Each structure stands twice: as structure tokens, then as C-alpha cells.
Amino acid sequence: MRNLIKIASIGALAVAMTACGKNKTGTESPDGGGGGGGGGGGPTGPAPAEASKEAKNDFAEAVKTYNAAKSDGKLSGDECERVAGAFQKVYKTHGVQMALAQFNSGVVLEECGQSDKAEGVYAQLISQAPKFDLAYNNLGVIYWKKGQESKALDMFKKGVEANKLSARAARNNVAGLLRNQYVGNSDANAFNEAEKSIQGVLALDSGNQAAYENLARIYYDRGHIKDKSYLVLANLVVTQGVRVLKNEGRESSDLYNIQGLLLLERQDQVNALKAFKEAVRVEANHVEANLNIGFISIRFRDYPTAEKSFEIALKDSRQAKNTEAHLALGVAQRGLKKFKEAEASYNKALKLNASDPRPLYNLGVLYQDHISTQDSVDTAQNEKLINVAKGHYNKFIEAVKSDKKWSQQALLAKDRIATIDETIAFNRVSEEMMKKAKELEAIAKKQEEEERKRLLELEKQAEAAEAAGSAPAPAAGAPPAGAPK
């Protein structure tokens, strides 16, 4: 059930691979494991015992070619054609007894990103080896990835019919698609068929990881949507699945994620968060678990964790249009004072869904409460920024209009606009008061200067008078000063 190529062995000889897809969550995606007859955790196809010794030897050489090419961890360029060609040559030489070889050539082409060529290989193999269930399964996976779910379901069902005793991957994929139908329209028939299909897998393979994941998920879905009693069943399946896998040295990120969802149903966010973190420990890029961690972390104001989790989840191409995730990422970035990044996230959400008014409101809050209130922002800049916020609020109000769903938020937006208008009006009054205060200050300063000059002049006059009064009086009969003697 992973977006990876799986490799399994038949005895110590054969290698079989299958392509897997992934939708929003692992339990909604095509399963790549569980084919007929072999071990190693993946599909295996017809047992090599049915093939001739020469066919087995040639197949072994093709496997060596694959392993040598993959020694650096990937296939690329000429390696893809060479390895696929090696498996095709085995099939052409030995025919249907080596259907597994032709199947592997298709898987190699998928691994190299050539799904159109792989589709042709699987389609041809179905016509030439109609009992080879893995070809139906992988062709169904390709259709599922293309969004052609009806064709995919038909292929998976044909795969089950082709090998009723061992078609585990096809059975799981039947359940996965039917689970999608049930979630979409609560179709009880889809639920019953999905449940029956998964139970069929577990009857064949009691340790099938994908089956536990699918069964737990569909029980959770029914419990979440309609009948709470199914949450108890989901929990039992999760507990059993974790225990069975642990005994085999395996773990399931999907089961831990569903465990977290079940805990959220009980309003236990703390332990739910622990379960989601277990999921990402097993699979670091698990999309749904990372989203859940992000949303809970925001509630706890753990913005660094929220930002990291949302960024991981949004790397998945199927989450590119998830407006909820982009909005939440913006909230986390805002909390970290990454205002430019937050604005970009809100604008991304708005671009993805122009009919969703929430980004507009969030942009208003970002500008009013955060960008405009920074220490480096002066009054003039503050007014400019809160006017930007006002523009976003007005757009929000226009977008929601008379929709009762948004009536409370519309009132809040109007209150915020009123606050902005009051702030600007207060600024005008403050400016006028400051202007008058400066005028009064200038007048007072002028009067003070004039008074100071007046006092200085009086002081000079007093000093002159005092100087004149201290001169000695002339003697009686003496001529006035300066008179001729």
C-alpha cells in the first residue's frame, strides 16, 4: 500500500514487483502486496516449479541483471530498457510458464516512470495469461492513479476471479475502492462488499498488513460517519493488527494513524498526537499523519512542529490543492512571525479556491494584528497597513454576503473595520491635537523668550541705576565736574 516498488521472492529464485499508488491516505490507495503463492511481503505469481529448468535459469539471470542495475538504489536511462528487455526476453523464449517475467518487465517500466508502456505490457499479459492475477492488479492500479476508478475496480475484481485462493492484492484494492464509494455516498452495499473482500484476504493471510489497515479504516469511516459502534470494531482491528505485525517484526504507519483518529473521537488530543507521531516515526512522509500532527500542534501553539508537518504533507502532489493545509500552514507561519511566508500561504489557498472566503479574513488579521504592529512601523506605515487589512475584510464581507454560514465572521470583520476606522479617526484627532500643541508650544516659547528679554532689560536698567546711585556727591561750593577752575 505504499507509493513504492515492492520486491519479493519465490523461494530463493524469483523476483516479482508491483507498482503501488497512493491517494490522500495509505488506506485509500492501491495495494501492491499479497499476490499468490510466495513470501517476502509482496505478490509472487505462479510458482517457478511449473517452469522448466532452463526457464528458471534464464529468469535467474534476468533477476541478476535487475539487482546489478539497482545496486545504486535506482534505475535510469538505458538501465530501464535493458532490465525490462531482459525479463521480456525470458517471456518470449519460454512463454506463459514465465508470465512472471513479463509482469516484472511491466513493473520495471513503471519504476522508470513509463506507466503507459507498462499498461500495454499488463494488458497483453492478461490476454495471454488470463489466470495471472497480478497483471489485473497492476493494470487496475494504473487506472486508479489516472482517476478511472470504475475501470480499476473491474480489473481488481477480475484479478480476484482469476486467482480466488491467492489474489490478496486485488482483494485489498477492491476493498479500497469500495471504501471510497462508501465514504462518498454511505452506500451500505459498498461497505458490505468491501468488508467481505478484506475478510477474504485475512482468511488467506492472517498477517496481511494491508488487510488490517483497510478493515480498520473502513470500520473507522462507518463509525465516524454513521454508527459509533464501529469505532469499537476499528479499535479492535488496530490492536490486533499492531500485535500481529509486531510479532513478525513489522509496523504499520496507517494503523498508528487510525489509532490517532480513534483517540480524537474520544477528544484525547494528547494521546492522539502521540499516535500520529508514531505513524511518522514509521513513515516520515505519511501524509495524513503529518496533517493531523499539524492541526493538533496549532491548537497547542506548537508552531514549529505544525509548520514542519504541513510542509512535509504538502510535498505530496495529491495535497497540492489542499486549501485547509495551506491555510493552517499560514497560521503556523504567522505564529512564528514569518509574515511574508504566511501571506504567501494564504494567497495560495485563495488561488486554489477563490470561493473560500477564509484566506481573505486571515489576510486581514495578518495585516491588522501582526504586520502593522511591529516595532519598526511608524504611524503613517501603520495606517497604510491597516488599510490593506480593511481591504481584505471588505472583500471577505462581499464574498460571504448574506450567507448565514458566515454571519458571525462577517460581524467580526465589520467590527475590525470599525476598529480600523476608529484608529484612523483617532490618529486624525491626535494629529490635530499635536498640531495645536505645537502651536501653543511655539507661542509659549515666544512669550517666554519675550519675557526673558524684558527681564534682562529691566535687570540692565536696574544695574545702571544702581551704578549711577553709588557715585560720590560733589563738595559744597565746588564747581561741577568738568567746569573750569
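Residues numbered from 1 in each chain as written. Predicted model: local features only at pLDDT ≥ 70, side-chain atom pairs only at ≥ 80, totals over all residues. Heavy atoms only, no water.

Among the nonpolar cores identified, the biggest contains 87 residues, and Phe 87 and Phe 132 are the most heavily contacted of them. Counting residues in hydrophobic clusters, the runner-up holds 39 residues, among them Ala 306, Leu 360, Leu 366 and Ile 386. (Core = buried A, V, L, I, M, F, W, Y, C linked by side-chain atoms within 4.5 Å. Buried < 20%, exposed > 50% of the residue type's maximum accessible area, 1.4 Å probe, protein only.)

Residues Val 232, Leu 233 and Leu 236 make up a contiguous nonpolar surface patch of roughly 260 Å² in combined accessible area. Residue position: Leu 233 is located in helix α10 (residues 229-247). With relative accessibility at 33%, the residue Leu 233 sits in the partly exposed group. (Patch = residues over 30% accessible without salt bridge, like charges linked within 9 Å, V, L, I, M, F, W, Y side chains within 5 Å. Areas by Shrake-Rupley, 256 points an atom, 1.4 Å probe, with all protein chains shown as cover. Salt bridge = Lys/Arg side-chain N within 4 Å of Asp/Glu carboxyl O. Helix = DSSP H or I, 4+ residues; strand = E, 2+ residues; numbered from the N terminus.)

In this structure's numbering, the residues bearing the UniProt feature "repeat: TPR" (unreviewed entry) are residues 133-166, 253-286 and 323-356. In residues 133-166, the share of helix is 79% and the share of strand is 0%. The end C-alpha atoms are 9 Å apart. Measuring from the first to the last C-alpha atom of residues 253-286 gives 7 Å, for a span that is 79% helix and 0% strand. (UniProt positions renumbered as here; feature names shortened; annotations may be inferred.)

So, on to helix α18 (residues 379-400). Helix length check: α18 (22 residues) gives 31 Å between terminal C-alpha atoms against 32 Å at 1.5 Å per residue, within 8%. Where α18 is buried, its residues touch α17 (358-371) and α19 (407-469). The N-cap of α18, judged by a side-chain oxygen 3.2 Å from the amide nitrogen of Ala 380 a few residues on, is Asp 378. A positive phi of about 45 degrees marks Lys 401, the residue just after α18. (Expected span 1.5 Å × (residues − 1). Contact = heavy atoms within 4.5 Å. Polar contact = N/O pair within 3.5 Å; in protein donor to acceptor, adjacent residues only side chain to side chain.)

In this model, the protein carries an average pLDDT of 85, and 87% of its residues clear a pLDDT of 70 or more. This model gives residues 1-48 a pLDDT under 50, and the stretch forms 176 contacts once residues within four places in sequence are excluded. (pLDDT = per-residue confidence, 0-100.)

So, about the packing of aromatic side chains. For any two aromatic rings, the description comes down to two numbers: the centre-to-centre distance and the angle of the planes. Counting across every chain of the model gives 12 aromatic pairs. Measuring from ring centre to ring centre gives 5.0 Å for Phe 295 and Phe 310, while their planes differ by 75 degrees; the resulting arrangement is edge-to-face. Placement of the pair is Phe 295 in helix α13 (residues 287-299) and Phe 310 in helix α14 (residues 303-314), with a sequence separation of 15 residues. Judged by its relative accessible area of 29%, Phe 295 is partly exposed. Over the aromatic face of Tyr 143 sits the side chain of Lys 151, whose NZ or CZ is 4.3 Å from the ring centroid. The aromatic ring of Phe 191 is capped on one face by Arg 222, whose charged end is 4.5 Å from the ring centroid. (Phe/Tyr/Trp six-rings, centres within 6.5 Å; stacked < 30°, edge-to-face > 60°. Lys NZ or Arg CZ within 6 Å of the ring centre and 35° of its normal.)

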